[in-house]
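# Geometric and topological summary
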Amino acid sequence: MPRLRTRVRPEAEAPPAAVDTTARRYENRLLLILFLAFGFVFFDRQALPFLAPFISKDIHLSNTELGTLSGVLALTWALSGLVAGRLSDKLGRRKPILIAAVVLFSCFSAAGGLMTGFLGLLVARALMGVAEGAVLPLAQSLMVEASRESRRGLNMGLLQGSSAGLMGGILAPLAVVWLAELHGWRTALLVTIVPGLLIAVWIAKSVREVPPRVQVAAADAEAVPETTAAPRPSVREVLRHRNIVLCMAVACCYLTWFIVIVTFTPTYLLTVKGFSPGTMSGVMTCLGVGWVLWGFLTPAVSDRIGRKPTMIGFSVTAALCPLAVVYVTDPVMLGLVIVLTYTGLGCFTLFMATIPAETVPRGALATALGLVMGVGELAGGFLAPMIAGHASDVWGLQTAMFISAGGAVGVVLLSLGLRETAPRVLRRRAERAAVAVGSGAAVAGAAE
């Protein structure tokens, strides 16, 4: 089995206070780097739905074709996530794969601006999905190792939820619609290559394969710090965990909720509700505001009250969001309701990263994340938008919104079967159980 020997840096031998300071600084720096990296993944992914009305003027796209463009990216994203997660666990290397993925998705995103037909766009989106699919499982596995237990949920929420919301939900509709109106949709896609290449350079310079916190733990244990020292659990062993199977099913439903609403809402607002491009952009920006807000609040709340109740409560609210798109007519009121009900993106961090990370051993972490993301993208990201697109061509675009709401309802039902994994909640339960046992022993002793 391949091994990666890790040299213990000087800080591993430093005083505890200095080690803690170094680890905290690296944790914050890594969070910023990965925040931007995954944020631009979603900036590029979300650019096409926002540009669809402009692209259709040059290349006529039916709702079915628009759904197919979204679906093919999800398909290759899913397959890539499955392969990249398992590969990185086997090799014990994540940084080189992450750098290559960031460079390639930036190039393929820009290549979409050079295409002249539906097939060209389809190929560009497929290749872009191959590159983007590797980013999340690698980024989250790096982040969870560098995070303190008290900030695990918050860090993972900021990385996955808030970054995608800020870059893909707020900046993307504002930036790409503005560029498309001034310079055309092709220019809006071509410029997406620049930030990705800059982030890849930053990753190469600043990201460590093994964070200071793990290096110090290895040194304290006087063990050979090898990322592949322990046997790697097989995929079958990973799937024996009930939480992993449930998270995979949840991912299918939640990806349906998310991909369908972000793919078809811009076209729905323009063609059915008659909003102007500027008004549509403003409403879609409200999706981004809710995405950023709930992206870090939801995981932070789950650190305190538990993963399971958070998943249930916030998913009930999320089911209302696509229904609001259909039934709320005033754009200002619609934007407000969207901000308050777009809570599902915060749950993404829980079922796609935090719960799996707290369920499986470290050696299977990227594999578990890749499985959850991959299966979810295959069903919810690939099949759902194509089905919703076809249904919308037959019964109207409001059908897509009802399909989206149904996905959130499915999440609520599945979340009832999750096992709690939040460390703080589990400690409280253990303390209460210990108190109860102690009280029972005292009563029994008194009775004797």
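Placed above this text is the structure.
Described below are features of the structure shown in this document. (Residues numbered from 1 in each chain as written. Predicted model: local features only at pLDDT ≥ 70, side-chain atom pairs only at ≥ 80, totals over all residues. Heavy atoms only, no water.)

What follows concerns the overall build of the protein chain. Secondary structure assignment for the protein chain yields 19 helices and 0 strands. With 448 residues in all, the protein chain has 58% of them scored as buried. The long-range share in the protein chain, meaning contacts at least 24 apart out of those at least 6 apart in sequence, stands at 88%. With the model as given, the accessible surface of the protein chain reaches about 17,300 Å², and the carbon-plus-sulfur share is 68%. (Helix = DSSP H or I, 4+ residues; strand = E, 2+ residues; numbered from the N terminus. Buried < 20%, exposed > 50% of the residue type's maximum accessible area, 1.4 Å probe, protein only. Contact = heavy atoms within 4.5 Å. Areas by Shrake-Rupley, 256 points an atom, 1.4 Å probe, with all protein chains shown as cover.)

Moving on: the packing of helix H11 (residues 242-271) against helix H18 (residues 398-415). Running from N to C, H11 and H18 cross one another at 160°; their axes reach a closest spacing of 8 Å. By the criterion of interaxial angle, the relationship of H11 to H18 is roughly antiparallel. As for the relative orientation of H11 and H18, their crossing is left-handed in sense. Residues Leu246, Ala249, Val250, Cys253, Tyr254, Thr256, Trp257, Val260, Ile261, Phe264, Thr265 and Tyr268 of H11 form the contact with H18, whose own contacting residues are Gln398, Ala400, Met401, Ile403, Ser404, Gly407, Ala408, Gly410, Val411, Leu414 and Ser415. (Axes fitted to C-alpha atoms, helices over the stretch in contact; angles between N-to-C directions. Parallel < 35°, antiparallel > 145°, perpendicular 65-115°, else oblique. Left-handed = near helix turned anticlockwise from the far one by under 90°.)

Counting through the fold element by element, arginine 25 comes out in helix H1 (residues 16-58). When its relative accessible area of 59% is taken as the criterion, arginine 25 is described as exposed. Between the C-alpha atom of arginine 25 and that of proline 212, which follows or precedes it by 187 residues, the distance is 9.9 Å.

Close contact between helix H12 (residues 277-305) and helix H16 (residues 344-357) brings their axes to 7 Å; oriented N to C, the two are set at 45°. The orientation of H12 with respect to H16, classified from their angle, is oblique. Crossing of H12 over H16 shows right-handed handedness. Facing H12, whose interface residues are Trp291, Trp294, Gly295, Thr298, Pro299 and Ser302, H16 presents Leu345, Gly346, Cys347, Thr349 and Leu350. The residue makeup of the contact of H12 with H16, split by class, is 6 nonpolar, 5 polar and no charged. (Nonpolar A, V, L, I, M, F, W, Y, C, P; charged D, E, K, R; others polar.)

What follows covers the side chain of serine 109. Take serine 109: it is sitting in helix H3 (residues 95-111). Among the polar contacts made by the side chain of serine 109, one reaches the side chain of threonine 192 at a distance of 2.9 Å. When residues no more than four places from it in sequence are discounted, the contact partners of serine 109 are Asp44, Met128, Leu189 and Thr192. (Polar contact = N/O pair within 3.5 Å; in protein donor to acceptor, adjacent residues only side chain to side chain.)

With that settled, consider the layout of surface pockets. Its boundaries defined by the atoms lining it, the second largest pocket holds a volume of some 160 Å³. As for the second largest pocket, its lining consists of Val144, Glu145, Ser147, Glu149, Arg152, Ala357, Glu358, Val360, Pro361, Arg362 and Leu365. Of the residues contributing to the lining of the second largest pocket, the split by class is 5 nonpolar, 1 polar and 5 charged. (1 Å grid on protein atoms, 1.4 Å probe; cavity = no way out; pocket = protein on both sides within 12 Å on 5 of 7 lines; lining within 4 Å. Points joined across faces, edges and corners; volume = space filled by probe spheres on them.)

In this model, helix H13 (residues 307-318) (12 residues) spans 16 Å end to end at C-alpha, consistent with the 16 Å of a helix rising 1.5 Å per residue. Along H13, the residues that are buried comprise Arg307, Thr310, Met311, Phe314, Ser315 and Ala318. The buried side chains of H13 occupy one side of the element, clustering within an arc of 115° when seen end-on. (Expected span 1.5 Å × (residues − 1). Arc of directions from axis to C-beta.)

The next point concerns the nonpolar core. Ranked by internal contacts, the top residues of the largest apolar core, which has 119 residues, are Leu51, Tyr254, Phe258, Met311, Tyr342 and Phe351. Element by element, the count of residues in this core is highest for H11, at 18 residues. Residues within four places of methionine 311 in sequence aside, it is in contact with Val250, Tyr254, Cys347, Leu350, Phe351, Ile355, Val411, Ser415 and Leu418. Ala353, Ala357, Leu365 and Leu369 belong to the second largest nonpolar core, which has 6 residues in total. (Core = buried A, V, L, I, M, F, W, Y, C linked by side-chain atoms within 4.5 Å.)

The grouping of Arg304, Arg424, Arg428, Arg429 and Arg432 at the surface amounts to a positive patch. The dominant element in the positive patch, judged by the number of residues it contributes, is helix H19 (residues 423-447), at 4 residues. Tracing the sequence through the fold places arginine 432 in helix H19. Accessibility expressed as a relative area gives 53% for arginine 432, which makes it exposed. (Patch = residues over 30% accessible without salt bridge, like charges linked within 9 Å, V, L, I, M, F, W, Y side chains within 5 Å. Salt bridge = Lys/Arg side-chain N within 4 Å of Asp/Glu carboxyl O. Lys, Arg positive; Asp, Glu negative; His and termini not counted. Charge placed at Lys NZ, Arg CZ, Asp CG, Glu CD.)

One can find threonine 349 in helix H16. When near neighbours in sequence (up to four residues on either side) are disregarded, threonine 349 contacts Gln140, Gly153, Met156, Gly157, Gln160, Gly161, Gly295, Pro299 and Thr354.

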